[in-house]
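Observations on chain architecture
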Amino acid sequence: MKLNSKILLLLLVSFSFMNMFPENDSNINYTQVFFHWNQIPDTEQYILYIIDLNNNEQTTINSLKNSILITDLLNWNSNYNWYICGIMYDNEQICSEAYSLNINPLPDYFPNNIIVHEKNQALMQDGLTMMDIESLKFSTALNNNGYPIWFIDKDNFEERFTYTDFLNNGNIIGFGAGKGYEINLDGYIIFETNDGNNIHHDFNKTNQGTYFFISATIENHYCPDECNPLLPDEIPWQGDTFKEVDKYGNELWSWNTFDNISLSEYNPYYVETYTGSMNMDWTHSNAVFYDKNSSSVFISIRNLSRISKINYESKELIWNMGEANFMDVTYFNENHNFSQQHSAKVLENGNILFFDNHRYLEPELSRCIEIKYNELNFTSEIVWEFVLPSDLFTGSRGDCNRLKNGNTIITAGRTGNIVEVTPNNEIVWHIEVSNLNSEVSHTMYRSNRFTNLYPIAFSIQIDQLHANTNNNHVIPTNGQININIHNSGWSEETYTYELINNSEQVIVNDNFIMQPFLDYIFNIDVSIISSGTYSLYI
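First, a word on scope: everything that follows refers to the structure included in this document. Keep in mind that this is a model prediction, so the values were computed, not measured.

Turning our attention to the overall build of the protein. Summing up its helical and strand segments, the protein has two helices and 45 strands in all. Considered along the principal axes of its C-alpha atoms, the protein spans approximately 90 × 55 × 45 Å. Every one of the 538 residues in the protein was classed for burial, and the buried ones make up 57%. Here the analysis covers contacts within the protein between residues at least 6 apart in sequence; of these, 58% occur between residues at least 24 apart. On the protein, roughly 23800 Å² of surface is accessible, and the fraction owed to carbon and sulfur atoms is 43%.

This next bit is on the pairing of strand E35 (residues 417-421). In terms of burial, E35 is largely enclosed, as five of its five residues are buried. The alternating pattern of E35 places Asn 417, Val 419 and Val 421 and Ile 418 and Glu 420 on opposite faces, both of which are buried. As judged from the five bridges shared by strand E34 (residues 408-412) and E35, these two strands associate in the antiparallel manner. In the strand pairing of E35, Thr 408 is matched with Val 421. What sits between the antiparallel neighbours E34 and E35 is a turn of four residues, in which Gly 416 has the positive phi angle 75°. Across five bridges, E35 lies against strand E36 (residues 427-434) in antiparallel orientation. Paired with Val 421 across the two strands is Ile 427, which belongs to E36. Two successive antiparallel strands, E35 and E36, enclose a turn made up of five residues, where Asn 425 displays a positive phi of approximately 70°.

Let us look at the state of the cysteines. This structure, assessed with the given rule, holds three disulfides. There is a disulfide in this structure between Cys 223 and Cys 227, and the S-S distance comes to 1.9 Å. Handedness of the Cys 223-Cys 227 disulfide follows from its S-S torsion of about -100°: it is left-handed. Assigned by exposure class, Cys 223 and Cys 227 land together as buried. Here Cys 368 engages in a disulfide with Cys 400; their sulfurs sit 2.4 Å apart. Taken together, the residues Cys 368 in strand E31 (residues 367-374) and Cys 400 in strand E33 (residues 399-402) connect sequence positions 32 residues apart. According to the relative accessible area criterion, Cys 368 is buried, its value standing at 0%. A relative accessible area of 0% means that Cys 400 is categorised as buried. If you count the bonded cysteines of the protein from the N-terminus, they pair up as 1-2, 3-4, 5-6.

Turning to the sheet that holds strand E30 (residues 352-356), a few remarks are in order. Strand pairing in a sheet relies on backbone hydrogen bonds. The paired strands run either parallel or antiparallel. Strand order in the open sheet formed by four strands is E29-E30-E31-E32, with antiparallel pairing between adjacent strands. Single-partner strands in this sheet number two, and they are strand E29 (342-346) and strand E32 (379-387). Adjacent strand axes in the sheet meet at a mean angle of 20° when their direction is disregarded.

We now examine the nonpolar core. By size, the foremost hydrophobic cluster in this structure holds 57 residues, and its most contacted members are Phe 35, Leu 74, Trp 82, Met 130, Trp 150, Ile 172 and Leu 453. Apart from residues no more than four positions distant in its own chain, Met 130 is found in contact with Thr 140, Ala 141, Trp 150, Tyr 163, Phe 166, Ile 172, Arg 446, Ser 447, Asn 448, Phe 450 and Leu 453. Counting residues in each nonpolar core, the second largest holds 28 residues, with Ile 214, Trp 237, Phe 242 and Trp 282 among its members.

Take the environment of Met 321 next. Among the structural elements, Met 321 can be located in strand E28 (residues 317-322). According to the relative accessible area criterion, Met 321 is buried, its value standing at 3%. Separated by 57 residues in sequence, Met 321 and Phe 378 place their C-alpha atoms 9.9 Å apart. Beyond its immediate chain neighbours, meaning those up to four positions away, Met 321 contacts Ser 305, Arg 306, Ile 307, Met 327, Phe 332, Phe 338, Ile 352, Ile 371, Tyr 373 and Ser 380.

Along the chain, Gln 58 turns up in strand E7 (residues 57-63). Separated by 149 residues in the primary sequence, Gln 58 and Asn 207 place their C-alpha atoms 43 Å from one another. Once you skip the residues sitting within four places of it in the chain, Gln 58 turns out to touch Tyr 49, Ile 50, Ile 51 and Tyr 83.

Bringing the pairing of E29 into the picture now. Consecutive side chains of a regular strand alternate in pointing toward one face of the sheet and then the other. With five of five residues buried, E29 lies mostly within the body of the structure. As defined by bridge partners, E29 adjoins E30 across three bridges and the pair is classed as antiparallel. Each bridged residue has a counterpart across the sheet, and for His 342 the counterpart in E30 is Phe 355. Hairpin connection between E29 and E30: a loop of five residues separates the two successive antiparallel strands, and Gly 350 in this loop has a positive phi of roughly 90°.

This part is about the pattern of salt bridges. Under the criterion given, the structure shown has 14 salt bridges. For the salt bridge of Arg 397 with Glu 134, the shortest nitrogen-to-oxygen distance reads 2.6 Å. Separated by 263 residues along the polypeptide, Arg 397 in the loop between E32 and E33 and Glu 134 in the loop between strand E13 (128-133) and strand E14 (138-142) bring together distant segments of the chain. Connected through shared salt-bridge partners, Lys 179, Glu 192 and Asp 195 make up one network.

Let us look at the sheet that holds strand E27 (residues 306-311). Taken in spatial order, the four strands make up an open sheet running E25-E26-E27-E28, and their pairing is antiparallel. If you trace the sheet from one side to the other, it starts and ends with strand E25 (285-291) and E28, each paired once. Averaged over neighbouring strand pairs, the angle between their axes works out to 15° when direction is ignored.

This next bit is on the side chain of Thr 193. Tracing the sequence through the fold places Thr 193 in the loop between strand E19 (189-192) and strand E20 (199-205). The class of Thr 193 is buried, set by a relative accessible area of 3%. Within the local environment of Thr 193, its side chain forms a polar contact with the backbone nitrogen of Gly 180, the two atoms lying 2.9 Å apart. Excluding its chain neighbours within four sequence positions, the residues that come into contact with Thr 193 are Lys 179, Gly 180, Ile 199, Phe 203 and Phe 213.

We now examine the packing of aromatic side chains. Applying the stated criterion to the full structure yields 42 aromatic pairs. Considering the side-chain rings of Trp 76 and Phe 151, the 5.7 Å spacing of their centres and the 40° angle between planes classify their relative orientation as tilted. Of the two residues, Trp 76 sits in the loop between strand E8 (67-70) and strand E9 (78-88) while Phe 151 sits in strand E15 (residues 148-152), which places them 75 residues apart along the sequence. Ring pairing ties together the aromatic residues Phe 298, Trp 319, Tyr 331, Phe 332, Tyr 373 and Phe 378, which thus form one cluster. Looking at Lys 154, its charged tip hangs above the ring of Tyr 109, at a distance of 4.3 Å from the centre.

What counts and how
- Residues numbered from 1 in each chain as written.
- Predicted model: local features only at pLDDT ≥ 70, side-chain atom pairs only at ≥ 80, totals over all residues.
- Heavy atoms only, no water.
- Helix = DSSP H or I, 4+ residues; strand = E, 2+ residues; numbered from the N terminus.
- Buried < 20%, exposed > 50% of the residue type's maximum accessible area, 1.4 Å probe, protein only.
- Contact = heavy atoms within 4.5 Å.
- Areas by Shrake-Rupley, 256 points an atom, 1.4 Å probe, with all protein chains shown as cover.
- Pairing = 2+ DSSP bridges.
- Disulfide = S-S within 2.5 Å.
- Axes fitted to C-alpha atoms, helices over the stretch in contact; angles between N-to-C directions.
- Core = buried A, V, L, I, M, F, W, Y, C linked by side-chain atoms within 4.5 Å.
- Salt bridge = Lys/Arg side-chain N within 4 Å of Asp/Glu carboxyl O.
- Polar contact = N/O pair within 3.5 Å; in protein donor to acceptor, adjacent residues only side chain to side chain.
- Phe/Tyr/Trp six-rings, centres within 6.5 Å; stacked < 30°, edge-to-face > 60°.
- Lys NZ or Arg CZ within 6 Å of the ring centre and 35° of its normal.

Written out as structure tokens, the structure is:
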């Protein structure tokens, strides 16, 4: 954020109503809106006016800050006008022009039967649940009552947009039609992968700003003994390459299953059922997770019922965990009896959390499990698990995520159901997404819970900002300018500020950590700086 300011004894900032957000004539696909505007000099408080043009009802909200986060007032398929009035110290008012805000209707393909089967407000994690509706090829966010708050229009993408993560910078990560994307809340593409990567199942972003994904890779190899004798001696095997790219799409790291896994390690079922019409589905990987603490990459290979840990620097395999019958070398003695698993990830405590589909095992009961391991002596144990009811068994898809309050949110992929459970395995929230008059459930890959749509949401006010006929100016107090950051965001982030003169020279710079929902005040020493016009960047 940039503020142009003049220092009258120091700094002048050119403030006007030109910077009001949302911008005029905005068309949006969400009902939570962060209103913010430039500070008005000599203002004691503000009034936000919102007029619903559908019924002409007006809502007024008073605020001492130049920003307001609205979470439960605005509706789908509605048109609004809004404007700001500043109340001056002498009670005089100065008001902006009216801005138009249009909230689009929900698309025709949006599910029309969303049922909340369980909601324990006292024990559940409050917030929004973001999810992909894979069978409908789009993604959405629902509140705890099952009411839609945001959706991404699938028509803006080639074929579909499958959500994978909501980032602390407020952007959404996902994939569709072989490409990975980072988009903003409005669906505008911030980053997309290059053509030809054949991305499937997972696409995520690290804290270092790089992207990991799974790329389908096909090579011709021998037809194993279980092959139909009518098939040729050589058939196409479909494996995977796990890749990392930078923000420009340049490849930084890769690990190919054909280079690192013996062709003797395969699941006979996928050879026996191979007909020759497509590729023999050797690996069918579905998750890649970079763990900075151990400098390792964890991958989930579904068709081998295997989770592997790889040294990031050397690319050497550290261990495999899973079905021993599909391994040449067994690392762990314990058999945790999982099969066709999804969404493997590392928790803050170093344990592994994943969804065990438990397909082709008896009984077929899906579950979410957390495993603690020791790779010095290759021991492991299940320290927590939740077994889903039999009617929520899902042979494919599925996800588990640990929430801030210690609960776990579980996506029962094929069934259209999501549950939240406590560490003691009490179901405290359960939602089902379907369509009326349809016997087919909606399928989902994953879901997670977030506070709201705004991890970053702040505005800036400067003490002693005044106006006269010529300009707006700041009068320092004891050689200091006091800056107030009004924070409505839920992510902990590091912010940098710079004070720059007209020659583009940095006069002062520093950084600070913004805590969730807490305002921040800092001072800039300008006692040895000449009066003039400066820019403040945050």
